[in-house]
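Understanding the architecture of this molecule
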Amino acid sequence: MENKIKKVSIIISKGGLDGVYPGLIMANGARMEGIEVNLFFTFFGMDAVIKKRMGKIKIATVGNPGMHMPSLLGIIPGFSAMATKMMMKTMDKLDIPPVPEFVEMIADAGGKFYACKATVDMFKLKKEDFCPQVDSIINVGKFYEISAGGEIIFT
Amino acid sequence: MPQKQFGTAAAVDVDAEGFLADFSQWTREIAAAIAKEEGVGELTPAHWKVIEFMQKEFKENGQVPSVRKLNKSGVVSTKELYDLFPGGPAKKAAKIAGMKKPEGCV
């Protein structure tokens, strides 16, 4: 038990459902084990904490080999929305919440949320664009500072 | 199957991590002893409300309810749950309530 992980800092860098969920599930799971958690959102992973985007994250049906179907089908209008809806339904049954509820749940569990300064500057975002759970916009240096003494996971 | 004695109660069957193997062997005294062992301390009415709800759910559908279900049930908010059972709410509450270790990832 001496080797128990005490703290993790998880970077969520990819957009889309399959991009943001693994990090969120790992963060929540860590809190459930009593592990301290920091979440750092960068690039398109940031959609998960942007107010007007977090509720509309979809699964990519084009150029996603994991979908096991020809990309040509994925271009059909509404296909991505339908695939997302089906997936969310299955996830709900497994008690995996939609992104906004998941973010709230992890924050209530004591997880800390940070947004990447470089991405914020690049996409010309402001603190107000983020959900209230986001503590602050930090640079890479600050990220390493808050991650000190723990594990870092990149997703 | 290893056995364990909690307080003055008769020894009960437990798994390798100390979760009760047989829910029917659970008593309030055992719950209080596990709570102390897990660092939860004295069980207050707020703890009991959670434990009783979890046991009701467990008896009805054989599953340990998730943190999300507890939150949605209105019995306890996620924040309160983490305050009541520090260091691993679902796992510790399940253990105290005499149930198996939760298997889900969420």
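Residues numbered from 1 in each chain as written. Chains lettered and ligands numbered in written order. Predicted model: local features only at pLDDT ≥ 70, side-chain atom pairs only at ≥ 80, totals over all residues.

**Quick look at the pairing of strand β1 (residues 7-12) of chain A**
Residue and element names in this part refer to chain A. So the rule is basically this: Partly exposed residues are those whose C-beta has more than 12 but fewer than 20 other C-beta atoms within 10 Å; with 20 or more the residue is buried, with 12 or fewer it is exposed, and the C-beta atoms are placed from the backbone. By definition, any uninterrupted DSSP run of H or I lasting at least four residues is a helix, any uninterrupted run of E lasting at least two residues is a strand, and each is numbered from the N terminus. By the convention used here, strands pair only if DSSP detects at least 2 bridges between them. For crossovers, right-handed means that the path from the first strand over the helix to the second runs clockwise, given strands pointing away from the viewer.
Most of β1 is tucked away, with five of its six residues classed as buried. Relative to strand β2 (residues 36-41), β1 runs parallel, the two sharing six bridges. Each residue of the ladder has a partner; that of Ile11, found in β2, is Phe40. Read as a crossover between parallel neighbours, the route from β1 over helix α1 (residues 17-32) to β2 is right-handed.

**Topic: the packing of α1 of chain A against helix α4 (residues 99-108) of chain A**
Packed helices, taken two at a time, are described by the angle between their axes plus the distance between the axes. Residue and element names in this part refer to chain A. This is how it is decided: An axis is simply a line fitted to the C-alpha atoms; with a helix, the fit covers only the stretch in contact. Between two such axes, the angle follows the N-to-C directions and lies from 0 to 180 degrees. The labels follow the angle: roughly parallel below 35 degrees, roughly antiparallel above 145, roughly perpendicular from 65 to 115, and oblique for the rest. Each crossing gets its hand from how the near helix is turned against the far one by less than a right angle, where anticlockwise is left-handed and clockwise is right-handed. In this description, any two residues whose backbone-derived C-beta atoms lie within 7 Å of each other are considered to be in contact. Any residue outside Ala, Val, Leu, Ile, Met, Phe, Trp, Tyr, Cys, Pro, Asp, Glu, Lys and Arg is labelled polar, Gly included; the first ten of those are nonpolar and the last four are charged.
With their axes 10 Å apart at the nearest point, α1 and α4 run at an angle of 30 degrees to one another. Considered as vectors, α1 and α4 are oriented roughly parallel to each other. When you trace α1 past α4, the crossing you get is left-handed. Contact with α1, carried on its side by Val20, Leu24, Ala27, Asn28 and Arg31, involves Val99, Phe102, Met105 and Ile106 of α4 and no other residues of that element. Considered class by class, the residues forming the contact of α1 with α4 number seven nonpolar, one polar and one charged.

**As for the environment of Ile57 of chain A**
Locating Ile57 of chain A in the fold gives a position in the loop between β2 and α2 (71-74). It is 9.3 Å that separates the C-alpha atoms of Ile57 of chain A and Pro98 of chain A, two residues lying 41 residues apart in sequence.

**Some points on α1 of chain A**
Which entries qualify depends on this criterion: Each helix should span, by expectation, one fewer than its residue count multiplied by 1.5 Å.
Over its 16 residues, α1 of chain A runs 22 Å from end to end, which matches the ideal 22 Å to within 8%, given 1.5 Å per residue. All of the buried residues along α1 of chain A are Leu17, Gly19, Val20, Tyr21, Gly23, Leu24, Ala27, Asn28, Ala30, Arg31 and Met32 of chain A. On its buried face, α1 of chain A is in contact with β1, β2, α3 (79-93) and α4 of chain A together with α3 (67-73) and α5 (89-96) of chain B. Gly34 of chain A sits one or two positions beyond α1 of chain A and adopts a positive phi of about 80 degrees.

**Regarding the interface of chain B and chain A**
When the parts come together, some accessible area is lost, and that loss is often what is quoted as the size of the interface. Counting residues at the interface gives 16 residues for chain B, matched by 14 residues for chain A. Counting residues per element, the ones that place at least two in the side of chain B that touches chain A are α3, α4 (78-84) and α5 of chain B. A breakdown of the residues in the side of chain B that touches chain A according to their chemical character gives six nonpolar, six polar and four charged.

**A word on the sheet that holds strand β4 (residues 134-138) of chain A**
All names here are of chain A. The five strands are arranged β4-β3-β2-β1-β5 in an open sheet whose pairing can be described as parallel. Two strands close off the open sheet at either side, each with one partner strand: β4 and β5 (151-154). Within the sheet, the average angular offset between the axes of one strand and its neighbour, ignoring direction, is 25 degrees. Pairing geometry for strand β3 (residues 112-116) and β4, over four bridges, is parallel.

**Observations regarding the nonpolar core**
Which entries qualify depends on this criterion: The nonpolar core criterion groups buried Ala, Val, Leu, Ile, Met, Phe, Trp, Tyr and Cys residues into a set whenever they are joined through C-beta atoms within 7 Å.
Val20, Leu39, Phe41, Ala48, Val49, Val103 and Ala115 of chain A are the most contacted members of the largest nonpolar core, which has 36 residues in total. Elements represented by at least two residues in this core include exactly β1, α1, β2, α4 and β3 of chain A. In terms of nonpolar packing, the next biggest core, distinct from the first, is built from 27 residues, Phe6, Val64, Ala90 and Ala97 of chain B among them.

**Here's the deal with α3 of chain A**
Over its 15 residues, α3 of chain A extends 22 Å from the first C-alpha to the last, a length consistent with the 21 Å expected when each residue adds 1.5 Å. Downstream of α3 of chain A by a residue or two, Asp95 of chain A has a phi angle that is positive, lying close to 65 degrees.

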